[in-house]
Amino acid sequence: MDPNLSLDELLASAEGVLTGATDLVGLERAEASLLGRNSVVGEIRRAMSGLDPSERPRVGARLQEVTTVIAGLIATRRVELEAVGESELLRDDGVDVTLERVTFPRGAIHLIQQTIDEVTDVFVGLGYMVASGPEAELAWYNFDALNTPPTHPARLETDTMYLDWGNPDDQVLLRTHTSPVQARWMESHEPPVYIVVPGRAYRTDTIDATHLPVFHQIEGLAVDRGITFGDLRGTLLHFAREFFGPQTEVRLRPSFFPFTEPSAELDVSCFACDGGEVGCRVCGGSGWLEMLGCGMVDPNVLETAGYDPSEVSGFAFGVGPERLAMVRHGIESIRHFIDNDIRFLRQFR
Amino acid sequence: MRVPLAWLDEFIDLPTRDPSELALAFTMLGHEVEGVTELSSDWSDVFVGRVVGIEPHPDADRIRVCQVDIGAGSSQIICGAWNFEVGATVAVATPGAVLPGEFEIGEREIRGVVSRGMICSERELGLGDDHTGIIVLEDGIEVGIPFSEVVELPDVVFDFSITPNRPDAMSVLGMARDLAAHFDIEYRIPQVYWKPVAGVPDLRVKIEDPLGCRRFTAMEIRDVSVGPSPFKIRQRLRKAGVRPISNVVDATNYVMLELGHPLHAFDADSVVDRELVVARAWDGQTLTTLDGVERHLSPEDLIIYDGQGPTSMSGTMGGARSEVSASTTRVFMEAASWDPPTIMFMARRHDLRSEASTRFERGVDFNLAEVANQRASALVAEWSGGEALEGVIDVVGTPEHPAQVDLRLADVDRLLGPGFTVEEVTSILRRLGMGVDGSDPMHVIVPTFRPDVTRPADLVEEIARIYGYDRFAPSIPTGPTGGLTGEQRRQRKLHQVLVGAGLSQAITLPFVSGRHLMDLGLPLGEADLLTIKNPLREEESKLRPTLLPGLLEAVRYNLSHGSNSVSLFEVGSVFFTEPAEWDPRLPEQYQRLSWVRVGDVGLGTLGVHPRTADASVSLGVWRLIQDALGISAGVSSSSPPGFHPTRTAEITIGGRVAGHVGELSPRAARLYDLPGRVAIAEVDLAPLLAPIPPARGVAPSQYPHVDFDLSFLVDSGVAAADLISQTSETAGTLLESARVFDEFAGVAHGKKALAIRYRLRASDRTLTSDEIAVVRAGMITAAAAALGAELRGA
């Protein structure tokens, strides 16, 4: 046997042998056949002592060279085969990412609460505080302190729910708006006053698509030196743009409330059409959406609170989160807000 | 209130007749336009005609052959109506006319006789429902003019919602006056034909309640012949939404719509003893009103009496006994000014809100009574062929004078911002009919038709209204200190935590019945509940002392709509009958948090049946809240009403009971028709949101920990928390955590095994095995001593 010739043959066959190994076990066998004791390399190694001493270094060097090359080829093949194995493992370990195997439960904050939080945040950003007060309230704070005369029809039992409680001179009712909180706040705070008052209000209304006997209101009040009608307009314009979008315009038109003078209704430009599109499903084609009542705080209200109406002035507004939410989210009936159907509640996350 | 534009035209020459431009003007004056109805007509071929001849049809009994003059010779028209004779003025549709319903008029032959058009009924022209005969117009209308001129078509009718402070705006005149100020133009009051005869009404008027009746004027019209009003007047009334009745009644309604002052016409011969006395009624009296209803009067009712008794309800509705009828020949016309609240309460008490009462309850101009009375009397005379007497009975109960207000420019500046001048302000106020003298202050005399204007602020509103609400430049003032309080921030966090735990927020109505609460097993009597005097529904007249009934109903609603798993929470008020501590004038009321969960809860995993709601789930939610809000609370076993007696915890915070967490009692679950276990809780909100001390930062130990498990056998009544706290005590600061990782009940009767994993770690050293052994032994001893616990497997 010519060792040199045999080594050349071995080297030439190595690549084919290794390619023939398709897994790591096969690679073990191939390695044994190429470099093991019974391989050509093993035979030559054993036969080295029988070689002519002058031949030995040359054959030895060649042997070393060939085994190194083959070992390199084996290592490369091993990496290849390991990668294949790993990818097979990973493939078998895969998941269907479209299948919901684990669901973390999550509820929803009531849309009215979300609306209240959103609106109060707008005003908190303008330096307002958030105030609250009792729902079973004295007629004094609900009406008298707000310049509502004793004969005003809003006081009638057809409009207001009265409680069978306490002293008849201190009539207790379910507040018809959150405005009594302004009277309570002003009674115990000096100007400047910047507050918003979210909360529940009650009226003797039977339930239909636009009325609930219990609903929510967000009252706003700013009393300070130099508060003007333009401040009312600017503040509500800011609010409307925050809530309905930056393109929103507002329109103030004269109205009447006992607790403000001048009084106004605020209309917000329709966000669904480009102002007065015939048959618009949101505004009905008028281009405007009636949104809230507001005005400059009546001097009688300021006086009752112990403020001097020749020194300070203020504005107030009352907005219904139900109305805001219905308009913005296209909700056709106010009843959804008290049905508490989770299929409805979860639409608003 | 409806106002036809054609009627308004009599009062003002408007710069525009465009309906939307006018609607905008009204809107910006504060008169909300609820509807705009454009009445059109294509009656180019309908004319006023006069019947000049009538002959029977040669070949038909029920129709007649008429010769009708329509200004250009006479036309032969066949007509089936019999309510007219020769000389009648009628509406004639000539060939080519197209009537409502695409009904085209042509020349046709009826049984051999040619008919060149049609004499029309109200229904055929779409003017009304009357089809009993053709329209017979009053004499004096020019023959040949287009019929549309008579009925003032096309026209536009505006429907307004007038704010309660503006009684003056409830009239054509009032609208004209506001528009005149808006456009800065003139308006006028059209004159009526007025030729009274000498004489004073044969009537005595007495006001016994001068506060209720401010002024009472009466006039008399004689030789009245009751019949229909002029056709044009009837059309105007119809457009304004008022049904024509007779010339006398129409005259009162016409003047009310035009000037805003309601009137009432009495059949003078039915006024017993020729006297009218205004006084309050007394219990037991009755009065049958025009609508035929017998009214039981109360001492607050303000009534007009004659010699026989009650004969009219002031400002609300007349009485049947003195009603004007077809046989009436003499009329007393009343124009009176009433105390607004009196009329408002009376109208509501008797459920009788009329066009008159809605005006009187807002306040009708004191100074308008005589003008209105003369106008109405003149119209009755003109339309009925009668004579109005010149004399007016005018009795004043409480005189009213124009308000006088001093307005400083500073008042205007303060509310509207600087920039207005005395000249501008004076000019605006004068446009509104106010008298203005002086410069600063301006001395303003307010006409009595504006009872809402009594103070500088009211004048400022008028200035803003006429100047234009939308012309004020927007600006944004800001508060000096704002932001949410700690409690408010904590409440928002609470909401988020609950939502993260799978609960959705509900809002339920706070009205409950005794039955709701009995079903819950609450030992409350009716007297313990706050009661609404005038509830929407008698069976829900109580205010809730607990949020649970509403939530349980909401859960049932969801189950019945196909949801299997429902988790709801609510934060809302509960009410009690004790006086509130913070304001004893009010009943106690505060906010609570409550939740109800049924069905699956928690992590959902495919193929593994998820956890379902029960007491442990409720307790888990509670611990989550406690953890999220940093609340230290005590939890102990409890049996409050409504809750499951052995699966409920009482929560104490700061030594006070804050609420309960657990499961609904099986009995209540049955009564509420809820299947399976129902996890519930109700906790007062305030202690959850109360400020907590800031947490102290402690550096985590860098030394190794040691874990070991101890399994104790205890009586089944022993609370796990007690076992942990007893064993923890001996470990002192070395104990990092202790957690029950297994509970096993089947060991021996009345016993349970609790396996606890303890973790020890020192902050300053590595613990030695000796130290650990001492702690471990101490725990075992303590558990045995305090709770009789035996170490299992020992």
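(A) Broad picture of the overall build of chain A. For chain A, the count of helices and strands is 12 helices and 10 strands. Relative to the 2.2 N^0.38 estimate, which gives 20 Å for 349 residues, the radius of gyration of chain A is 43 Å and therefore markedly larger than a compact globule would have. Seen along its three principal axes, the alpha-carbon backbone of chain A occupies a region of about 135 × 50 × 40 Å. Looking at chain A as a whole, 45% of its 349 residues qualify as buried.

(B) The overall build of chain B, seen in detail. In terms of regular secondary structure, chain B is built from 20 helices and 42 strands. For 794 residues, the compact-globule estimate of 2.2 N^0.38 gives 28 Å, and chain B exceeds it by more than 25% at 42 Å. A burial count over chain B gives 43% of its 794 residues as buried. Restricting the contact set of chain B to residue pairs at least 6 apart, pairs at least 24 apart contribute 69%.

(C) Focus on the packing of helix α5 (residues 231-239) of chain B against helix α6 (residues 247-259) of chain B. All names here are of chain B. One can describe the packing of α5 onto α6 by two numbers: an axis separation of 11 Å at closest approach and a directional angle of 55°. Considering the angle they form, α5 stands oblique to α6. Judged by the sense of rotation from one axis to the other, the crossing of α5 with α6 is left-handed. Where α5 abuts α6, its residues I233, R234 and L237 lie against D250, N253 and Y254. Classifying every residue of the contact of α5 with α6 by side-chain character gives three nonpolar, one polar and two charged.

(D) Here's a closer look at the interface of chain A and chain B. Each partner contributes to the interface: chain A provides 76 residues, whereas chain B provides 79 residues. The greatest single-element share of the side of chain A that touches chain B, amounting to eight residues, is contributed by helix α8 (residues 229-244) of chain A. Among the residues making up the side of chain A that touches chain B, the classes are represented as 41 nonpolar, 18 polar and 17 charged. The sheet contact formed by strand β1 (residues 102-103) of chain A and strand β34 (residues 604-605) of chain B spans two bridges and is antiparallel. Paired with T103 of chain A across the two strands is G604 of chain B, which belongs to β34 of chain B.

(E) Spotlight on the pairing of strand β41 (residues 751-760) of chain B. Residues and elements named next belong to chain B. Bridge count for strand β39 (residues 706-715) against β41 is 10 bridges, and the pairing is antiparallel. Note on β41: the bridge partner recorded for F708 is Y758. Two strands pair when backbone bridges link them, and strand β40 (residues 735-744) and β41 are joined in this way by eight bridges, in the antiparallel orientation. If you follow L735 over to β41, its bridge partner there is L760. Taking the residues that link successive antiparallel strands as the turn, the β40-β41 hairpin has six residues, and the phi of G750 there is positive, at about 75°.

(F) Seen up close, the sheet that holds strand β13 (residues 155-161) of chain B. Residues and elements named next belong to chain B. Read across the sheet, three strands follow the order β1-β13-β2 without closing on themselves; strand pairing throughout is antiparallel. For this open sheet the edge positions go to β1 (2-4) and β2 (32-39), each flanked by a neighbour on one side alone. With strand direction ignored, the average angle separating the axes of adjacent strands in the sheet is 20°. Bridge analysis of β2 against β13 gives seven bridges, and the strand direction is antiparallel. Among the inter-strand pairings, E32 is bridged to a residue of β13, identified as S161.

(G) Region of interest: the pairing of strand β9 (residues 107-110) of chain B. All names here are of chain B. Both β9 and strand β10 (residues 113-116) contribute to a ladder of four bridges, which runs antiparallel. Its bridge partner being in β10, I110 is matched across the sheet by V113. Linking β9 back to β10 in an antiparallel pair, the connection comprises two residues, with R111 at a positive phi of about 45°.

(H) The arrangement of the sheet that holds strand β6 (residues 214-224) of chain A in detail. Residues and elements named next belong to chain A. Across the sheet, seven strands lie side by side as β2-β5-β6-β10-β9-β8-β7; this open sheet has mixed pairing. In this open sheet, the two edge strands, each paired with only one partner strand, are β2 (129-130) and β7 (250-257). Pairing geometry for strand β8 (residues 260-269) and strand β9 (residues 288-297), over eight bridges, is antiparallel. By the bridge assignment for β9, D267 is matched with E290.

(I) Geometry of the confidence of the model for chain B. Here chain B shows a mean pLDDT of 93. Residues at 70 or above account for 100%. Note on the complex model: pTM 0.88, ipTM 0.89.

Thresholds applied
- Residues numbered from 1 in each chain as written.
- Chains lettered and ligands numbered in written order.
- Predicted model: local features only at pLDDT ≥ 70, side-chain atom pairs only at ≥ 80, totals over all residues.
- Helix = DSSP H or I, 4+ residues; strand = E, 2+ residues; numbered from the N terminus.
- Rg over C-alpha atoms; globule rule 2.2 N^0.38 Å.
- Buried ≥ 20, exposed ≤ 12 C-beta atoms within 10 Å, placed from the backbone.
- Contact = placed C-beta atoms within 7 Å.
- Axes fitted to C-alpha atoms, helices over the stretch in contact; angles between N-to-C directions.
- Parallel < 35°, antiparallel > 145°, perpendicular 65-115°, else oblique.
- Left-handed = near helix turned anticlockwise from the far one by under 90°.
- Nonpolar A, V, L, I, M, F, W, Y, C, P; charged D, E, K, R; others polar.
- Pairing = 2+ DSSP bridges.
- pLDDT = per-residue confidence, 0-100.

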